[in-house]
Structure formats: C-alpha cells, structure tokens
Amino acid sequence: TVSPLSALSGVRLAPFASVSELTDGAALLDLETSKYFTLNDTALFIWNAVQKPVPVSVLCSAIQDAYDVPAEQCQSDVIEVVTQMKARHLVDVT
C-alpha cells in the first residue's frame, strides 16, 4: 500500500527523464516510455527544485518565496503536483 504524501515526504527526480524549458513551462520526456509531458511554470519550478532530494515542506517554502500563495494552498497544490509526477514515475518519494 502507498502512503499519502505529507509535508515531511522527500521528493527527488527519477533518473530517466529529460526536460526542455519553453517560454511558458517545459516539455518533459520520459526516456523509458518515450512519453512527453508538459509542465506549467509551477510544475517546472518544482521539477527544478528537486534536482536533489528535498522535503515537500522545503518545496512549499521556496514556492511561497517565489509566488504569492498561502501556506495551506501551497502545500495542497505541491502535494497534488508531486502525486501526479509520482503516478507517472517522474519523481521518487520517500
């Protein structure tokens, strides 16, 4: 069974994805499945922030510093994005 993500969950990149930044986000290629994904600016911010393992709480702090977003909404949004990335095997969660 998979435990839910929390502010204490650690997030890191999966090793088989490649990203190309665009003017309004990025295109991400899963090298194992050859599937492309698009990342909006916030998802790209998260992607760039997890180059090394980082807790969700640290991601939220960085996003709050960069964007004007309340802490509770930020945590909810980050957990949603990371959950979607994890479901697509683009990040690992500890």
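Attention in this report is confined to the structure presented alongside it. (Residues numbered from 1 in each chain as written. Predicted model: local features only at pLDDT ≥ 70, side-chain atom pairs only at ≥ 80, totals over all residues. Heavy atoms only, no water.)

### Some remarks on the overall build of the protein
Scanning the protein from terminus to terminus reveals three helices and six strands. Along the protein, helices (α) and strands (β) appear in the sequence β-β-β-β-α-β-α-α-β when read from the amino end. A globule of 94 residues ought to have a C-alpha radius of gyration of about 12 Å, and the protein, at 13 Å, matches this closely. Counting only C-alpha atoms and orienting by the principal axes, one finds that the protein spans roughly 35 × 35 × 20 Å. Nonlocal contacts in the protein, meaning residues at least 24 apart in sequence, comprise 51% of its contacts between residues at least 6 apart. With an accessible surface of roughly 5900 Å², the protein has 52% of that area assigned to carbon and sulfur atoms. Taking the average place of the 5 positive charges on the side chains of the protein and the average place of its 11 negative ones, the gap between the two points comes to 12 Å. (Helix = DSSP H or I, 4+ residues; strand = E, 2+ residues; numbered from the N terminus. Rg over C-alpha atoms; globule rule 2.2 N^0.38 Å. Contact = heavy atoms within 4.5 Å. Areas by Shrake-Rupley, 256 points an atom, 1.4 Å probe, with all protein chains shown as cover. Lys, Arg positive; Asp, Glu negative; His and termini not counted. Charge placed at Lys NZ, Arg CZ, Asp CG, Glu CD.)

### What about helix 1 (residues 41–49)?
When we look at burial in helix 1, the residues that qualify are Ala43, Leu44, Ile46 and Trp47. Take helix 1 and look down its axis: the buried residues cluster within an arc of 160°, on one side only. Put simply, asparagine 40 is the residue that caps the front of helix 1, since its side-chain oxygen is 3.1 Å from the backbone nitrogen of threonine 42. (Buried < 20%, exposed > 50% of the residue type's maximum accessible area, 1.4 Å probe, protein only. Arc of directions from axis to C-beta. Polar contact = N/O pair within 3.5 Å; in protein donor to acceptor, adjacent residues only side chain to side chain.)

### What to know about the nonpolar core
By size, the foremost hydrophobic cluster in this structure holds 26 residues, and its most contacted members are Leu39, Trp47, Leu59, Val78 and Val82. With five residues, helix 3 (residues 71–87) is the single largest residue contributor to this core. Non-local contacts of tryptophan 47, meaning those with residues more than four positions away in its chain, are made with Leu13, Ala17, Val19, Leu28, Leu39, Met85, Leu90 and Val91. (Core = buried A, V, L, I, M, F, W, Y, C linked by side-chain atoms within 4.5 Å.)

### Considerations on the pairing of strand 3 (residues 25–30)
Here strand 3 lies mainly inside the structure; five of its six residues are buried. When strand 2 (residues 17–22) meets strand 3, the two strands line up antiparallel, connected through six bridges. Looking at strand 3, one finds that serine 18 is bridged to leucine 29. Linkage of strand 2 to strand 3, two consecutive antiparallel strands, is achieved through a turn of two residues. (Pairing = 2+ DSSP bridges.)

### A short note on the sheet that holds strand 2
Reading across the sheet, the three strands line up as 2-3-4 and stay open at both edges, with antiparallel pairing between neighbours. Looking at strand neighbours, the two that pair on one side only are strand 2 and strand 4 (35–39), the edges of this open sheet. Neighbour-to-neighbour, the strand axes of this sheet turn through a mean angle of 20°, independent of strand direction. (Axes fitted to C-alpha atoms, helices over the stretch in contact; angles between N-to-C directions.)

In short, geometric facts, not functional conclusions.
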